[in-house]
Amino acid sequence: MTSHTPAPRPRRALLAAGAGLAVTAALTLSGTGTASAHVTDAASTTVRPAGHSFTASLNGEASFKAGSVTASCAASSSEPSAGSGNNKVPDAPGNSNASGPVASGINAPTYSDCSSSLPVEINVTTSGTWTVSMQNGSPITASLTIPTGGFVLKSSGLANCTITAAPDGPVTFPATFTNGSGGTPSRITVADAEVAVKVTGGFGCPTASTTSVFNAVYDVKDVTDPASLITVGD
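Attention in this report is confined to the structure presented alongside it. (Residues numbered from 1 in each chain as written. Predicted model: local features only at pLDDT ≥ 70, side-chain atom pairs only at ≥ 80, totals over all residues. Heavy atoms only, no water.)

## Description of the overall build of the protein chain
Counting its regular elements, the protein chain contains zero helices and 16 strands. Relative to its 234 residues, the protein chain shows a buried fraction of 50%. (Helix = DSSP H or I, 4+ residues; strand = E, 2+ residues; numbered from the N terminus. Buried < 20%, exposed > 50% of the residue type's maximum accessible area, 1.4 Å probe, protein only.)

As structure tokens, then:
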């Protein structure tokens, strides 16, 4: 999904944009092409409810920074789709792991209503199956994986640049998961995550940059039973 925003607009500070997919998933890009989430132990993990489908919708803004180019998007989501097993908690017993994380494929998040620190238009396209993995603990850790070339940000105007995430292979970066309660949904938070990028373009493009920093918060909601919460436990 692409977006066209002709001029920059004031941005709300979701997380520190200067420090910082992601969705992205939203979505830090490392110079080696891989930034792995560190799991301190291998506690048992169960994601509930088994077999339920879920959405991940941006709460606030997602910000991306590569060199002198900083962009933010006010809308992003990953939704289940007919005929796809993505955006679904694994059926039992696959929703439990006695000594490690539980993973689910998700449809590539879309990004729209994007703007930049420069007077340029921002277009974001995503592709492929992304992956979210949850590991029970305190805090609950998570990781997001972007497939090769699964996120492309293009700017046009003062600087005509193309920033491609995971250019040489899939990239995994860390996040945290917070269980919801009451009227508050569960959330995935990506804070200052580095992701490997390749930047091409002419004047004004940060072509020497090999990483981009991503910040975003996503609300995770159960769409099979909206009264339920997607939770991670033992």
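## Remarks on the sheet that holds strand β5 (residues 96-97)
The strand order β5-β1-β16 describes an open sheet built from three strands, whose pairing is antiparallel. In this open sheet, the two strands that pair with only one neighbour each are β5 and β16 (231-233). By the bridge criterion, two bridges tie strand β1 (residues 45-48) to β5 in an arrangement that is antiparallel. From the neighbouring strand, threonine 45 faces β5, where its bridge partner is asparagine 97. (Pairing = 2+ DSSP bridges.)

## Quick notes on the nonpolar core
If you look at the biggest cluster of nonpolar residues, it comprises 51 residues, and the most contacted ones within it are Phe64, Tyr111, Phe151, Phe173, Phe177 and Phe214. Counting residues per element, this core draws most heavily on strand β14 (residues 186-201), which supplies seven residues. (Core = buried A, V, L, I, M, F, W, Y, C linked by side-chain atoms within 4.5 Å.)

## So, the pattern of salt bridges
Per the stated rule, a full pass over the model turns up two salt bridges. For aspartate 91, the salt bridge identified is with lysine 88, shortest N-O distance 3.6 Å. Assessed through its relative accessible area of 29%, lysine 88 is described here as partly exposed. Across the pair aspartate 219 and arginine 187 runs a salt bridge, and its minimum N-O distance is 2.6 Å. Pair noted here: aspartate 219 is in strand β15 (residues 211-222) and arginine 187 is in strand β14, with a separation of 32 residues, a long-range link. (Salt bridge = Lys/Arg side-chain N within 4 Å of Asp/Glu carboxyl O.)

## Some remarks on the state of the cysteines
Within the structure shown, the criterion is met by two disulfides. Through a disulfide, cysteine 73 is tied to cysteine 114; the S-S separation comes to 2.0 Å. Between cysteine 73 and cysteine 114, the S-S dihedral sits near 100 degrees, and the bridge is therefore right-handed. A residue pair is termed long-range when its members are at least 10 positions apart, and cysteine 73 in strand β4 (residues 69-78) and cysteine 114 in strand β7 (residues 110-116) qualify at 41 residues. For cysteine 161, the disulfide goes to cysteine 205, at an S-S distance of 2.1 Å. Disulfide cysteine 161-cysteine 205: the torsion about the S-S bond is -95 degrees, which places it as left-handed. With cysteine 161 in strand β12 (residues 161-165) and cysteine 205 in the loop between β14 and β15, this pair connects stretches of sequence that are 44 residues apart. For cysteine 161, a relative accessible area of 2% corresponds to the buried category. Taking relative accessible area as the criterion, cysteine 205 reaches 11% and is therefore assigned buried. Disulfides within the protein chain link the bonded cysteines, taken in sequence order, as 1-2, 3-4. (Disulfide = S-S within 2.5 Å.)

## A few points about the packing of aromatic side chains
Aromatic rings in a pair are described by how distant their centres are and how their planes are angled relative to each other. Counted by the stated rule, this structure contains five aromatic pairs. Seen in terms of ring centroids, phenylalanine 64 and phenylalanine 214 are 5.1 Å apart; in terms of plane orientation they differ by 5 degrees. Their pairing is stacked. Of this pair, phenylalanine 64 sits in strand β3 (residues 62-66) while phenylalanine 214 sits in strand β15, placing them 150 residues apart in sequence. Exposure remark for phenylalanine 214: the relative accessible area of 2% places this residue in the buried category. Their ring planes at 90 degrees and their centres at 6.0 Å tell us that phenylalanine 173 and phenylalanine 214 sit as a pair that is edge-to-face. One end of the pair, phenylalanine 173, is in strand β13 (residues 171-178); the other, phenylalanine 214, is in strand β15, with 41 residues separating them in the sequence. For phenylalanine 173, a relative accessible area of 0% translates into the label buried. These aromatic residues form a ring-pair network of at least three members: Phe64, Tyr111, Phe151, Phe173 and Phe214. (Phe/Tyr/Trp six-rings, centres within 6.5 Å; stacked < 30°, edge-to-face > 60°.)

## Examining the environment of valine 232
By the secondary structure assignment, valine 232 is in strand β16. Looking at valine 232, the relative accessible area reads 4%, which means it is buried. In this structure the C-alpha to C-alpha distance between valine 232 and valine 47, which are 185 residues apart in sequence, comes to 4.6 Å. Beyond its immediate stretch of four places on either side in the chain, valine 232 contacts Thr45, Thr46, Val47, Met134, Asn136, Ile140, Phe177 and Asn179. (Contact = heavy atoms within 4.5 Å.)

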